[in-house]
Amino acid sequence: MNSATDVWNRVQSILSTDLTQIAMDTWFKDCRAVEVSDGRLYLHAPTSYKKETIESRFAGSIKSALCEIFSGEFDVVILDDEGLACLAEAEKDPELSSIDDFTFERFVVGNTNKFAHAAARVVAEGQQKKDFNPLFIYGESGLGKTHLLHAIRHYVERNFPRFHIIYVTCEDFTNELIGAIRFDRNVEFREKYRNADLLLIDDIQFIARSISTQEEVFNTFNTLFSLGKQIVFTSDRPPQEIHTLEDRLKTRFESGIMADIQPPDDALRIAIIRNKAEQLGVSLPDDVTNYIADNLSSNIRQLEGAVKMIIAYRDIMQDDITVESVKTRLKDFFKGPRDLMLTIDDIVEETARFYSLTPDDIKGQSRARDTTLARQVSMYLIRKLTNFSLKEIGLVFEGRDHSTVLSSINRIEKRIQESEDLSSKIKDIMANIQAKSKDMAAK
């Protein structure tokens, strides 16, 4: 499920749970999904009025639906006819990123991704190094995990042409497994994956949704590992934080090399911006480069998308690239994570208000039932809405260790599945937190 149409259909399905059929037909029936790229879904609205209405009334709901689908930050861009033409023109540039550009040569290395890059190169170059099997690369969305996975694939294709390489997303693997079971093609399915010399599975965290997929991955892993074949996974979190993952898979995922990728620091963001601009044949002024780096810090896709946007606009509109023009052209980019930056105190305060408690109650040692629930909900929301580690979260709650935090998060995730009432309350708290953050950003 990677096509724009598939994504848009799923978004509409989620929206329909909160909107009437009349509203769905009025605003979305004649909207067309254009593409999914760089962490954004592009939609075409037939009129400027409909474009502006969707942006003002429904953009937040669409983004929330995309976040639910992709388990991470995702944006939506609404295009009218003029915007669609600009996008089509920009895409004529052969230098724009594609899967074929995901090579080691084009991966910008910095302090926050150096080890993951080095481990990926060892795997690609050495193939049979037992200590590096499996390689498990994890980090937030948009930091370069998929890039490294394809870089390994490209390197091996060039240097080991006889190797049987399989790249697959976990969702496609699951869908293929379902089809194999439905049409009695289990033998063909297993032969395909268990005869691989190099198996690359992207977004393995989605394995937690299906017991049958976990079973198949477990057996495939054992077969390939026993034959000395290389396996590489990517995930948005380490195995211990994939909450419904079976212990036997967690131990196997952790038996090789674990390599995390952190958000880019200042130096890496600047390097990424310059590198992308050079790929597009442009040298950006230093003040523009620094402005983008200072204001966009969440992920690499966003940085590269911003560079492509301002260069495409310059080429089409014959506009100079200055800090002022960048502020105007990238205003939608800058409305994102930076404006909605949340602190732990923001989340604890709003959760405490919802449960008629004080922040000190939640952070303290009280074991009263309501206080304990509010504390666990706070930990869950902090983990979901911020990039703070389990250890950092625990320090706020009177020095609780990371295992206590993880246990609390697991309990809330389980209860959400069992209790529609708790799920609704948490959605309300999240909406309040985000609304408060927007109000603060606007001041």
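Residues numbered from 1 in each chain as written. Predicted model: local features only at pLDDT ≥ 70, side-chain atom pairs only at ≥ 80, totals over all residues. Heavy atoms only, no water.

1. Let's talk about the sheet that holds strand S1 (residues 32–37)
Then step 1. Taken in spatial order, the three strands make up an open sheet running S1-S2-S3, and their pairing is mixed. Single-partner strands in this sheet number two, and they are S1 and strand S3 (75–79). Within the sheet, the average angular offset between the axes of one strand and its neighbour, ignoring direction, is 20°.
Then step 2. Note: strand S2 (residues 40–44) against S3, five bridges, orientation parallel. (Pairing = 2+ DSSP bridges. Helix = DSSP H or I, 4+ residues; strand = E, 2+ residues; numbered from the N terminus. Axes fitted to C-alpha atoms, helices over the stretch in contact; angles between N-to-C directions.)

2. Looking at the pattern of salt bridges
Then step 1. With the rule as written, the count across this model stands at 17 salt bridges.
Then step 2. Notably, a salt bridge pairs glutamate 216 with arginine 190, separated by 3.4 Å at the nearest N-O pair. Placement of the pair is glutamate 216 in helix H10 (residues 211–226) and arginine 190 in helix H9 (residues 186–194), with a sequence separation of 26 residues.
Then step 3. Assessed through its relative accessible area of 4%, glutamate 216 is described here as buried.
Then step 4. Residue arginine 190 is classed as partly exposed on the basis of its relative accessible area of 36%.
Then step 5. When the shortest N-O distance is used, the salt bridge between glutamate 350 and arginine 353 registers 2.8 Å. Residue glutamate 350 and its partner arginine 353 are located together in helix H17 (residues 344–354), separated by three residues, close to a single helical turn.
Then step 6. Classification of glutamate 350 by relative accessible area gives buried; the value is 7%. (Salt bridge = Lys/Arg side-chain N within 4 Å of Asp/Glu carboxyl O. Buried < 20%, exposed > 50% of the residue type's maximum accessible area, 1.4 Å probe, protein only.)

3. Some remarks on the packing of aromatic side chains
Then step 1. A complete count under the given rule lists 15 aromatic pairs for this structure.
Then step 2. For the pair phenylalanine 233 and phenylalanine 253, a centre-to-centre distance of 4.6 Å together with 55° between the ring planes defines the contact as tilted. One end of the pair, phenylalanine 233, is in strand S7 (residues 230–235); the other, phenylalanine 253, is in helix H11 (residues 247–253), and 20 residues separate them in sequence. With respect to class, phenylalanine 233 is no different from phenylalanine 253; both count as buried.
Then step 3. Its end group placed over the ring of phenylalanine 218, arginine 248 keeps NZ or CZ at 3.9 Å from the ring centre. (Phe/Tyr/Trp six-rings, centres within 6.5 Å; stacked < 30°, edge-to-face > 60°. Lys NZ or Arg CZ within 6 Å of the ring centre and 35° of its normal.)

Structural measurements only, silent on function.
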